[in-house]
Amino acid sequence: MFEKSTWIKLPRNVVVGHGVLDDLGDVVADLSVAGRPLVVTSPTPNDLVGDRVRAHLGGDPATVTVETAGFGAVERVVDAAEAESATYLVGLGGGKPIDTAKMAADRLGLGFISIPTAASHDGIVSGRSSIPEGDTRHSVAADPPLAVVADTEVIAAAPWELTTAGCADIVSNYTAVEDWKLAHRLQDVHYSEYAGELARMTAELLVESAGSIKQGLEESAWVVVKALVSSGVAMSIAGSSRPASGAEHLFSHRLDRIAPDRALHGHQVGVGSIIVAYLHEGEKGMWRNIRDALDVIGAPTTAADLGFDDETIIEALTTAHRIRDRYTILGNGISEAAAREAAVTTGVI
Ligand SMILES: NC(=O)c1ccc[n+]([C@@H]2O[C@H](COP(=O)([O-])OP(=O)(O)OC[C@H]3O[C@@H](n4cnc5c(N)ncnc54)[C@H](O)[C@@H]3O)[C@@H](O)[C@H]2O)c1
Ligand SMILES: O=P(O)(O)OC[C@@H](O)CO
Ligand SMILES: [Zn+2]
C-alpha cells in the first residue's frame, strides 16, 4: 500500500510590484489576520519604510530591531511578541530580520508576513530559517510567510550590491542541485525531481537573462524577486533547503564564522559556486558559465572582490564540511592541495 505523505507549505499571497507596500492593508484584510502586529526589522529598513509599513498595518504595531541573526535574537522577538500581545509578526528588511521573524512566528504559532526591502536572498518566501549557532548553522523548518509583499520600487532603490547578491544566491542553485543529486546517489538522500528541476531552471533562466539585469531598472528587481520566489517554492516542495543550498553554502557559512558580515551571503555563495562547480565537473564544466554570469551582473567572482585573503578561502573550503550534516562534493573534507588547485584554476585566488 502507498503510505507516503507530505505537507508542502506555501505562502497564500505573493504580491510583487511597484508601490505594493501601499496594498499592505488589503493584504492583511485578505489574510484575515486580526489584532496587533509586531514588526521585526533591522535599522536601515526601519529607517527607510518602517513608518510607512506601520501606518498601513494599523493597530499601533510595536517594533523589534535585530542586528544579528541567531537564537538570541529569536528569543528577544518571542519575548517582545508575548509582552506586546502580538497576534502576528511582520519581517521587514533583508534576510536576517525575515529569518528571525519567521522562526519566532513559528515558535509562537503565529502567522507572519514577509516584506523584503532588498532582493538579496531566497529566504523571502521559503519555509526555512537559517540560524547560526556556535560553529554550526541550523536550517530550521518553519512555516512560510502567510504573505510576501515585495515592493519593486523600494527594492530597486536599494544598493545594487544587494540585488547582485540575490542573483548569486539563485545562480548557486546549480551547484546545490548537483550536490543534492550526488547525495542521493551516494548516501540515499531523498531527491525530489520537481524541486531539483525548479531550482535548476530558476538558476538557468537567471543566467540567460544576466545581460538584461541592470542597476536602476525596476524591471530587473522584478525579475530577481520572481526568481527568489521560485527558489523559495523549490525549498518548500523539497521540505529542505537542499535545492538551494549545497557545498557553496557550507563554504559561505564557514566564511561567516571566520569573518562575520565581511561580505553578503549571496556574494559568498556565488564565489563558492564557481569553485564547487569546478570540483564537480573539472576544467570543462559549468564553472566558467557561472563565473561569467556573476561577472556580467556585477557580483564578486574572486576572493579579493569579497574582501578575503587567499588563505581564508582555503581554510573555509577545507573546513566547510563540518558546518552541518549535509553530504556534498566536499565529502568528509577536501585536502588543502585540492582546495588550492580549484581556487587557483577558477581564478578565485
Ligand atoms: N531562510 C532562508 O531560506 C534563507 C535564504 C537565503 C539567505 N538567508 C539568510 O539571510 C541572511 C542574508 O540576507 P541579507 O544579505 O539580506 O542580510 P541582511 O538582513 O543583514 O541585509 C543586508 C544589509 O542590507 C541592508 N538593507 C536591506 N534592505 C535595504 C534597502 N532597501 N536599502 C539599504 N539597505 C538595505 C540591511 O540593513 C543590511 O545591512 C543570512 O543570514 C542568510 O543565512 C536565509
Ligand atoms: O539552509 P541554508 O544553507 O541556510 O540555505 C538557505 C538559503 O541560503 C538557500 O539559498
Ligand atoms: Zn542562500
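A quick note: this is a predicted structure, and the numbers were derived from the prediction, not measured.

Here we take up the site of ligand 1. Near ligand 1 there are 28 residues, and of these Gly 95, Asp 99, Thr 117, Ser 120 and Arg 128 occur at the shortest range. Measuring from an oxygen atom of ligand 1, one finds a side-chain N or O atom of Ser 120 at 2.6 Å. About the coverage of ligand 1: the protein hides 86% of its 870 Å² of free accessible area. When residues of the shell around ligand 1 are traced back to their parent elements, those giving at least two are helix H2 (43–57), helix H4 (95–108), strand E6 (128–133) and helix H6 (160–171). Examining the composition of the shell around ligand 1, we find that five residues originate from one element, H4, more than from any other. Class assignment of the residues belonging to the shell around ligand 1 gives a composition of nine nonpolar, 12 polar and seven charged.

To continue, consider the sheet that holds strand E4 (residues 88–93). Pairing between the strands of a sheet is mediated by backbone hydrogen bonds and can be parallel or antiparallel. Read from one edge to the other, the open sheet built from six strands follows the order E1-E8-E5-E4-E2-E3, with strand pairing classed as parallel. Lying at the two open borders of the sheet, with one neighbouring strand each, are strand E1 (13–17) and strand E3 (62–65). Here the strands of the sheet are splayed against their neighbours by 15° on average, with no regard to which way each runs. Against the sheet, helix H1 (residues 24–31) contacts E1, E4, strand E5 (111–116) and strand E8 (147–151), and its axis sits at roughly 170° relative to E8. Running at roughly 170° to E4, H4 makes contact with strand E2 (37–41), E4 and E5 of the sheet.

In this section: the domain arrangement of the protein. In terms of domains, the protein is made up of domain 1 (13–157) and domain 2 (160–345). Each of domain 1 and domain 2 has a C-alpha centre, and the two are 25 Å apart. Every contact between the two is made by 28 residues of domain 1 and, on the other side, 28 residues of domain 2. For the pair domain 1 and domain 2, the summed buried area comes to about 2300 Å², and 59% of that belongs to carbon and sulfur atoms. It is Ala 119, Asp 122 and Arg 137 in domain 1 that bury the most area against domain 2; as a group they hold 27% of the surface buried on that side. On inspection of domain 1 and its partner domain 2, the count reaches one salt bridge. Notably, a salt bridge pairs Asp 261 with Lys 96, separated by 2.6 Å at the nearest N-O pair. Elements supplying a minimum of two residues to the side of domain 1 that touches domain 2: E1, E6, strand E7 (136–141) and helix H5 (152–157).

Parameters and conventions
- Residues numbered from 1 in each chain as written.
- Chains lettered and ligands numbered in written order.
- Predicted model: local features only at pLDDT ≥ 70, side-chain atom pairs only at ≥ 80, totals over all residues.
- Heavy atoms only, no water.
- Near = heavy atom within 4 Å.
- Polar contact = N/O pair within 3.5 Å; in protein donor to acceptor, adjacent residues only side chain to side chain.
- Areas by Shrake-Rupley, 256 points an atom, 1.4 Å probe, with all protein chains shown as cover.
- Helix = DSSP H or I, 4+ residues; strand = E, 2+ residues; numbered from the N terminus.
- Nonpolar A, V, L, I, M, F, W, Y, C, P; charged D, E, K, R; others polar.
- Pairing = 2+ DSSP bridges.
- Axes fitted to C-alpha atoms, helices over the stretch in contact; angles between N-to-C directions.
- Contact = heavy atoms within 4.5 Å.
- Domains from an automatic or database assignment.
- Buried area = accessible area lost by both parts, 1.4 Å probe.
- Salt bridge = Lys/Arg side-chain N within 4 Å of Asp/Glu carboxyl O.

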